[in-house]
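Fold and geometry: a report
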Amino acid sequence: MVNTKKSTQKTTKPIIQAMDVSFFYGTAQALFNISLDIAPQRVTALIGPSGCGKSTFLRCLNRMNDIIPKTRLTGKVLISDRDIYGEKENIVDLRKQVGMVFQKSNPFPKSIFDNVAYGPRIHKLNDKKKLAEVVEKSLRRAALWDEVKDRLSNNAMGLSGGQQQRLCIARALAVDPKILLMDEPASALDPKSTTHIEDLIGELRADYTIVIVTHNMQQAARVSDETAFFYEGHLVEFSPTKEIFTKPKQKQTEDYITGRFG
Amino acid sequence: MNSDLVQKISYHLLRLITYAIVVSVGYILFDIIRHGLPVINWEFLTDFPRRSGSEGGILPAILGTVYLTIGTIAVALPLGVGCAIYLSEYADQNRFSELIRLAIITLAGVPSIVYGLFGLGLFVIFCQFGTSILAGSLTLACMVLPIIIVASEESLRAVPRGFREASLALGATKWETIRTNVLPYSISGIITGSILAIGRAAGETAPILLTVAAFFLPKLPNSIFDQVMALPYHLYILATQHPEAEKVLPLQYGTALVLLMLVLGMNLGAIILRIHFRKKYKW
């Protein structure tokens, strides 16, 4: 079983390639020489104790760390073979391809429709009919359509926490990304909403490459194909999820997974 | 003394101080309204002054103050908000931006007569605008700029980072993010702060004394290069420079009341706008 999985992984070309990535906040180094290949249409979980660098690494993948002053990255990140930190890279195009969902759901204080339509509008889609189609499609994808179709003009702030997070997913999907980065998307939600989000991730994996940061080990085990374990800025282990949770290669991984620290 | 007693004394003392403030504001209002209201009628509001202000109305002074206020808003609001956006969204937080902030706070503390002299030197004489609405508006704008900048920056910073991140992550540029997902949410704070500052400017005498205000000019301006009368200056003239100061006392009250109503009206407008925008963008 494990072997077949590994071999398929080798034959598919990775969509994300991190090569010797180190990251600095000022003089403090947060990531140490991370090299990691992520295959398309798979769910990759990043786990590790707080402050281990998993979120920092995630935010390197759509250059979200650029907005934090005095940060620096060395090494290379290739997405679809494009060097995203290269001189020619257009950050707008990059973020169109690499969507992101944040830990704290952050819908704009606008209508549900305007939230989802925000990205397409930014990217110059102004045709009303097409816009409505994109909004409906995205909301359906995010499994929210049936709940909100009659109140698209209502303020998004009136939705429940779980609905807000699914709206944020719909908003990210509306610009038609290839990759979806999720930074602890369910950590602020109740169990039922969490299940919703996890089911959704299961459905989205057919069309998107998903990288998800989570500190919930069961969640990582449930939703992901591969798991990367980060510890103190180092990538300790990166294996198929089944392997990492049943027979981890590293002692540190085992200690963390079995709850001895973290 | 036991702590219970101290507690009681402090409570009553603090309450007394608060009441004292309310009472003095109330008395000022009451006094001005009591003496000013009988003077105010249609003629007073819409007629030109006669006999160096002893008779007739104060229309040129009202319009002068309105023009100056509009001019001040037109200059100070875009500049102030622009500067605040730069400081809050674009500038690196380093020594240099700290220095800019320090300069702005210092500017806010400069006495208004100094602004008047500055305006006289720069706008009236050097730029050759003459004593005019333009020079006066620019001078008043300089005076309110620091307050607008500080209020606007504060209100921009109050917008949660999550909105900015979400917008950037969708591929919006920084400017698109500011325009669509930062400015709209901070507009209520910006407007409130700005209107309060400009209301303050509308009542200033020293800056306009040297740059725009006419002692007695019973006609309306034709362009922004004309002088105008203004309510606070007119009040000052009636109260201290008029040969029959005692006789025109009711007119002083009337003028004061009109000025007060104008400023309070603006503040009321600010409150209504704030409520409107708060409702529109709630998070």
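Residues numbered from 1 in each chain as written. Chains lettered and ligands numbered in written order. Predicted model: local features only at pLDDT ≥ 70, side-chain atom pairs only at ≥ 80, totals over all residues.

Test applied: UniProt positions are given in the numbering used here, feature names are shortened, and annotations may be inferred rather than shown by experiment.
Looking at an unreviewed UniProt entry, one finds chain B named Phosphate transport system permease protein PstA and attributed to Candidatus Desulfobia pelagia. For chain B, the Subcellular location (unreviewed entry) comment in UniProt is given as "Cell membrane". Turning to chain B, the UniProt record has this under Sequence similarities (unreviewed entry): "Belongs to the binding-protein-dependent transport system permease family. CysTW subfamily."

If you look chain A up in an unreviewed UniProt entry, it shows as Phosphate ABC transporter ATP-binding protein from Candidatus Desulfobia pelagia.

**Structural notes on the overall build of chain B**
As a reminder, the rule being used: Strands are runs of DSSP state E lasting at least two residues, helices are runs of H or I lasting at least four, and both sets are numbered from the N terminus onward. To assign burial, the other C-beta atoms lying within 10 Å of each residue's own C-beta are counted, with C-beta atoms placed from the backbone; 20 or more indicates buried, 12 or fewer indicates exposed, and intermediate counts indicate partly exposed. Once C-beta atoms are placed from the backbone, any two residues with those atoms within 7 Å are in contact.
Looking only at helices and strands, chain B has 12 helices and two strands in total. The order of helices and strands in chain B, counted from the N terminus, is α-α-β-β-α-α-α-α-α-α-α-α-α-α. For chain B, the residues scored as buried account for 41% of the 283 residues in total. Contacts spanning at least 24 positions in sequence make up 76% of the contacts within chain B whose residues lie at least 6 apart.

**So, the interface of chain B and chain A**
As a measure of interface size, the accessible area lost when the parts come together is often cited. Selection rule: Each residue gets one label: Ala, Val, Leu, Ile, Met, Phe, Trp, Tyr, Cys and Pro are nonpolar, Asp, Glu, Lys and Arg are charged, and the others, such as Gly, are polar.
Listed by partner, the interface residues are 18 residues for chain B and 21 residues for chain A. Secondary structure elements with two or more residues in the side of chain B that touches chain A: α7 (161-169) and α8 (174-181) of chain B. Here the side of chain B that touches chain A takes six residues from α7 of chain B, the largest share from any one element. Class assignment for the residues of the side of chain B that touches chain A results in nine nonpolar, five polar and four charged.

**Focus on the UniProt feature "domain: ABC transmembrane type-1" (unreviewed entry) in chain B**
In this structure's numbering, the residues bearing the UniProt feature "domain: ABC transmembrane type-1" (unreviewed entry) are residues 62-270 of chain B. Regarding residues 62-270 of chain B, the helix share stands at 75% and the strand share at 0%, and the terminal C-alpha atoms are separated by 20 Å.

**Observations regarding unusual backbone geometry**
Residue and element names in this part refer to chain A. Of note in the backbone geometry, Q41 takes a positive phi value of approximately 55° without being a glycine. Here Q41 is to be found in the loop between β2 (28-38) and β3 (43-47). A positive phi angle, close to 70°, is found at K124, a residue other than glycine. The topology assignment puts K124 in the loop between α4 (112-122) and α5 (128-141).

**What to know about α8 of chain B**
All names here are of chain B. The condition is simple: Taken from the helix axis, the directions to the C-beta atoms give the arc we talk about.
Residues of α8 that are buried include every one of T177, I178 and N181, and no others. One side of α8 holds all its buried residues, which, seen down the axis, span an arc of 110°. For α8, the elements touching its buried residues are α3 (59-90), α7 and α9 (183-202).

**What to know about the packing of helix α1 (residues 3-36) of chain B against helix α12 (residues 249-280) of chain B**
Helices that pack against each other are described as a pair by the angle of their axes relative to one another and the distance between those axes. Residue and element names in this part refer to chain B. Note the cut-off: Angles run from 0 to 180 degrees between N-to-C directions of axes, and those axes are lines fitted to C-alpha atoms, restricted for helices to the stretch in contact. The scheme is simple: roughly parallel for angles under 35 degrees, roughly antiparallel for over 145, roughly perpendicular for 65 to 115, oblique for anything else. Each helix crossing is assigned a hand: it is left-handed if the near helix lies turned anticlockwise from the far helix by less than a right angle, otherwise right-handed if that turn is clockwise.
Contact pair α1 / α12: the axes reach a minimum separation of 8 Å and the direction vectors enclose 120°. Classified by the angle between their axes, α1 and α12 sit oblique to one another. Between α1 and α12 the crossing geometry is left-handed. Together, I32, I33, H35 and G36 of α1 and P250, Y253, G254, A256, L257 and L260 of α12 make up the contact between the two elements.

**Considering the UniProt feature "domain: ABC transporter" (unreviewed entry) in chain A**
Within the UniProt annotation, "domain: ABC transporter" (unreviewed entry) is assigned to residues 16-257 of chain A. Taken end to end, residues 16-257 of chain A has its terminal C-alpha atoms 25 Å apart, with 37% of it in helix and 26% in strand.

**Some remarks on the sheet that holds strand β9 (residues 226-231) of chain A**
Residues and elements named next belong to chain A. To keep it simple, the criterion reads: Being paired, for any two strands, means DSSP has found at least two bridges between them.
The strand order across the open sheet formed by six strands is β6-β7-β8-β3-β9-β10, and the pairing between neighbours is mixed. Both edges of this open sheet fall to β6 (98-101) and β10 (234-240), since each of them pairs with a single strand only. The sheet shows a mean angle of 15° between the axes of neighbouring strands, direction not considered. Across the sheet, helix α7 (residues 161-173) touches β6 and β7 (179-183), and the angle it forms with β6 is around 170°.

**Here we look at the packing of α9 of chain B against α12 of chain B**
Residue and element names in this part refer to chain B. With their axes 9 Å apart at the nearest point, α9 and α12 run at an angle of 180° to one another. Taken as axis vectors, α9 and α12 run roughly antiparallel relative to one another. Contacts from I187, S188, I191, T192, I195, L196, G199 and A202 in α9 reach L262, V263, M266, N267, G269, A270, L273, R274, F277 and R278 in α12. For the contact of α9 with α12, the per-class residue count stands at 11 nonpolar, five polar and two charged.

**Quick look at the UniProt feature "transmembrane region" (unreviewed entry) in chain B**
Residue and element names in this part refer to chain B. In the numbering adopted here, UniProt assigns the feature "transmembrane region" (unreviewed entry) to residues 12-37, 57-87, 99-126, 132-151, 182-202 and 253-273. Counted over residues 12-37, helix gives 96% and strand 0%. Its end C-alpha atoms are 36 Å apart. The annotated region residues 253-273 carries 100% helix and 0% strand content, and the separation between its end C-alpha atoms amounts to 30 Å.

**So, the sheet that holds β2 of chain A**
All names here are of chain A. Ordered in space as β2-β1-β4-β5, the four strands form an open sheet in which the pairing is antiparallel. A single partner strand is all that each edge strand has here, and the edge strands are β2 and β5 (82-83). Relative to β5, strand β4 (residues 71-79) is paired through two bridges, and the arrangement is antiparallel. Paired with L78 across the bridge in β5 is D83.

**Topic: the pairing of strand β8 (residues 209-213) of chain A**
Residues and elements named next belong to chain A. How we decide: Seen with the strands pointing away from the viewer, any crossover whose path from the first strand over the helix to the second strand runs clockwise is right-handed.
The buried fraction of β8 amounts to five of the five residues, a majority that puts the element mostly inside the structure. Residues of β8 alternate between two faces, with T209, V211 and V213 on one and I210 and I212 on the opposite face, all of them buried. Of the pairings in the sheet, the one linking β7 to β8 comprises five bridges and is parallel in character. Residue pairing in the sheet places I179 in a bridge with T209 of β8. Handedness of the β-α-β unit built from β7, helix α8 (residues 191-204) and β8 comes out right-handed.

**With respect to α1 of chain B**
In plain terms, the rule: Expected span of a helix, by definition, is 1.5 Å for each gap between consecutive residues, and there is one gap fewer than residues.
Here α1 of chain B contains 34 residues, and its C-alpha end-to-end distance of 49 Å stays within 8% of the 50 Å for a straight helix at 1.5 Å per residue. Across the 34 residues of α1 of chain B, one count as buried, placing the element largely on the outside.

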